[in-house]
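Listed here are the chains, written in short residue letters.
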Amino acid sequence: MSDAGRSPEDILALRAQHLGPSLSVSYRRPLKMVRGEMQFLFDHTGQAYLDCVNNVCHVGHCHPKVVEAGQRQMAKLNTNTRYLHDSIVDYATELTSRFPDPLNVCYLVCSGSEANELALRLARTASGGHDLIVVDGGYHGNTSALVDISPYKHDGPGGRGSPDWVHTVSMPDTYRGTHRDPSLAGPAYAREVKDAASIATADKPNLAGFIHESVLSCGGQIPLPPGYLDAAYKATRSAGGVCIADEVQVGFGRVGEWLWGFELQNVVPDIVTLGKPMGNGHPLGAVLTTRDIARAFDNGMEYFNTFGGNPVSCAIGLAVLDVIEQEGLQEHARTVGNHFMQGLRDLQIRHPGIGDVRGHGLFLGIEFVKDPASRTPDAKTAGEVVEQMRDRHILLSSDGPYHNVIKIKPPMPFSVNDADRVIAEMDDVLKKGTGSTHDS
Ligand code: PMP
């Protein structure tokens, strides 16, 4: 083996031999990454790639302040929450101070899935109900219960559809959905939440709550239309349910204007779940809720999480919050995101295959269509752009129900120059042609 380690081919062969086969690998020519630095990843040959997809390494791959905080605490002590330690209360104080009242209580966990699992339990205990209203195309995690509430999974390959306690409402999509006038779409789509709430309560009050991503992610980078959550929350609460905002993708300043995505809609959820960016790659997640819901959950059964809230995780979480503030990353996401969005809109004028450009801050989507009038999804071009950009050392991915939306959610240090580079390269790829024919 050379200094660079095993060859990509050897790694693929060993994965096939020893790892469960339901894992996927990005790109036709898979990449072997060996190092990360801020918004860049480096492959085994030393080539740099601009990372436009990884919203986990939020403040930058291997940010030195986060690395140092983790290393220092790891060398000193790592244990569980049954001993008193400063770091967990320091972190809980800092984290809860960043949420509006009455979201004053937090639980620390190790992933977005654990956060949503706990949110489900909290919602059921507090409401006394069982049923959930979910948004189509949504993904909330990898456990059995979360696959049940994730149409992205249970309606996808290998899925078995939704169980009868799950009520699915349409994505509030103003580009492709039923309601396209942004000024009316919010309340119009929220009527589906009201209808679902009345089904869930028709025989007996059985609604636990409504869960949504604050900007739809796997569903195709779809911002919620104005007034959607306000009306959906009212409908949920009047049927006895609680409102859960899944901020696993978009939290911690990514949307630019606000620290949390739900704030774009001027609502306060009853439960908020956090994950991915929270530990900058270290497994850290959280559930924020109200004191009343936390009290209802305190029914004698302990909630213990072996790794959740350990001193190393808390030191890392604190460092992430510090860096976001010290480096002004939320405002940075707003200004760079606006610049990027404008550049992509100019690109859309030159390339009619770009049907829509949307998002907030550094959470953007580019939807490819065969022609702007029919809006027929063009997964082939989206996929080909992703592959050709990879060959130009720019990392992107595609998603959405038709796999025709390119997702952009880079580490937050991503700059105006990086945005200009992505636009120039994508312009060139589209000018030269992706080899997609539009007859399939
Ligand atoms: N919620 C959302 C919106 C997500 O995107 C994800 C992960 N992609 C999860 C929850 C689950 O998080 P994890 O993979 O950390 O369990």
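Keep in mind the model is a prediction, meaning the values are calculated, not measured.

Trainee: Give a detailed account of the sheet that holds strand β13 (residues 354-360), specifying residues and quantitative values.
Mentor: The four strands are arranged β13-β14-β17-β16 in an open sheet whose pairing can be described as antiparallel. Two strands in the sheet have a free side with no partner beyond their single neighbour: β13 and β16 (397-399). Pairs of neighbouring strands in the sheet enclose a mean axial angle of 30°, with direction left out of account. Examined bridge by bridge, β16 and strand β17 (residues 405-408) share three bridges and lie antiparallel to one another. In the strand pairing of β17, S398 is matched with I406.

Trainee: Outline the packing of aromatic side chains, listing residues and values.
Mentor: Taken as a whole and assessed by the stated rule, the structure comprises eight aromatic pairs. Between Y107 and F297, the ring centres sit 6.2 Å apart and the planes meet at 90°, which makes this aromatic pair edge-to-face. With a gap of 190 residues between them, Y107 in strand β4 (residues 105-109) and F297 in helix α9 (residues 291-297) connect regions that are remote in the sequence. One exposure class covers both Y107 and F297, and it is buried.

Trainee: How would you explain the packing of helix α2 (residues 64-74) against helix α10 (residues 311-326) if you had to name every residue and give the values?
Mentor: Where α2 contacts α10, the two axes come as close as 8 Å, and the packing angle between them is 155°. Comparing the axis directions of α2 and α10 gives the class roughly antiparallel. As α2 runs across α10, the sense of the crossing is right-handed. Residues K65, V66, A69, G70, Q73 and M74 of α2 pack against P311, V312, A315, I316, A319, V320, V323 and Q326 of α10.

Trainee: Go over the pattern of salt bridges, please, and point to the residues and values.
Mentor: Under the criterion given, the structure shown has 21 salt bridges. With a closest N to O distance of 3.1 Å, E37 and R35 form a salt bridge. Judged by relative accessible area, E37 falls into the partly exposed class, the value being 44%. With relative accessibility at 43%, the residue R35 sits in the partly exposed group. The closest approach of N and O atoms between D399 and K407, which form a salt bridge, is 2.8 Å. Comparing D399 with K407, the two get one shared label, buried. Overlapping salt bridges, with partners in common, bring together R176, D356, R358 and E367 in one network.

Trainee: Talk me through the domain arrangement of the chain; I want residue IDs and the actual numbers.
Mentor: Domain annotation of the chain identifies domain 1 (8-59 + 328-432) and domain 2 (64-326). Each of domain 1 and domain 2 has a C-alpha centre, and these two points are 25 Å apart. Contact with domain 1, which involves 37 residues of that partner, is made by 36 residues of domain 2. Summed over both sides, the interface of domain 1 with domain 2 buries roughly 3000 Å², with 56% coming from carbon and sulfur. The interface formed by domain 1 and domain 2 contains one salt bridge. A salt bridge links R176 to E367, with the nearest nitrogen and oxygen atoms 2.7 Å apart. At the surface where domain 1 touches domain 2, the tally comes to 20 residue pairs in polar contact (both at pLDDT 80 or more).

Trainee: Give me the state of the cysteines: which residues, what numbers.
Mentor: Overall, the coordinates contain zero disulfides when judged by the stated rule. Just so you know, C314 is unpaired, no disulfide at all, and the nearest cysteine sulfur is the one on C106, 8.4 Å from it. Taking the relative accessible area as the measure of exposure, C314 reaches 0% and is therefore buried.

Conventions adopted
- Residues numbered from 1 in each chain as written.
- Predicted model: local features only at pLDDT ≥ 70, side-chain atom pairs only at ≥ 80, totals over all residues.
- Heavy atoms only, no water.
- Pairing = 2+ DSSP bridges.
- Helix = DSSP H or I, 4+ residues; strand = E, 2+ residues; numbered from the N terminus.
- Axes fitted to C-alpha atoms, helices over the stretch in contact; angles between N-to-C directions.
- Phe/Tyr/Trp six-rings, centres within 6.5 Å; stacked < 30°, edge-to-face > 60°.
- Buried < 20%, exposed > 50% of the residue type's maximum accessible area, 1.4 Å probe, protein only.
- Parallel < 35°, antiparallel > 145°, perpendicular 65-115°, else oblique.
- Left-handed = near helix turned anticlockwise from the far one by under 90°.
- Contact = heavy atoms within 4.5 Å.
- Salt bridge = Lys/Arg side-chain N within 4 Å of Asp/Glu carboxyl O.
- Domains from an automatic or database assignment.
- Buried area = accessible area lost by both parts, 1.4 Å probe.
- Polar contact = N/O pair within 3.5 Å; in protein donor to acceptor, adjacent residues only side chain to side chain.
- Disulfide = S-S within 2.5 Å.

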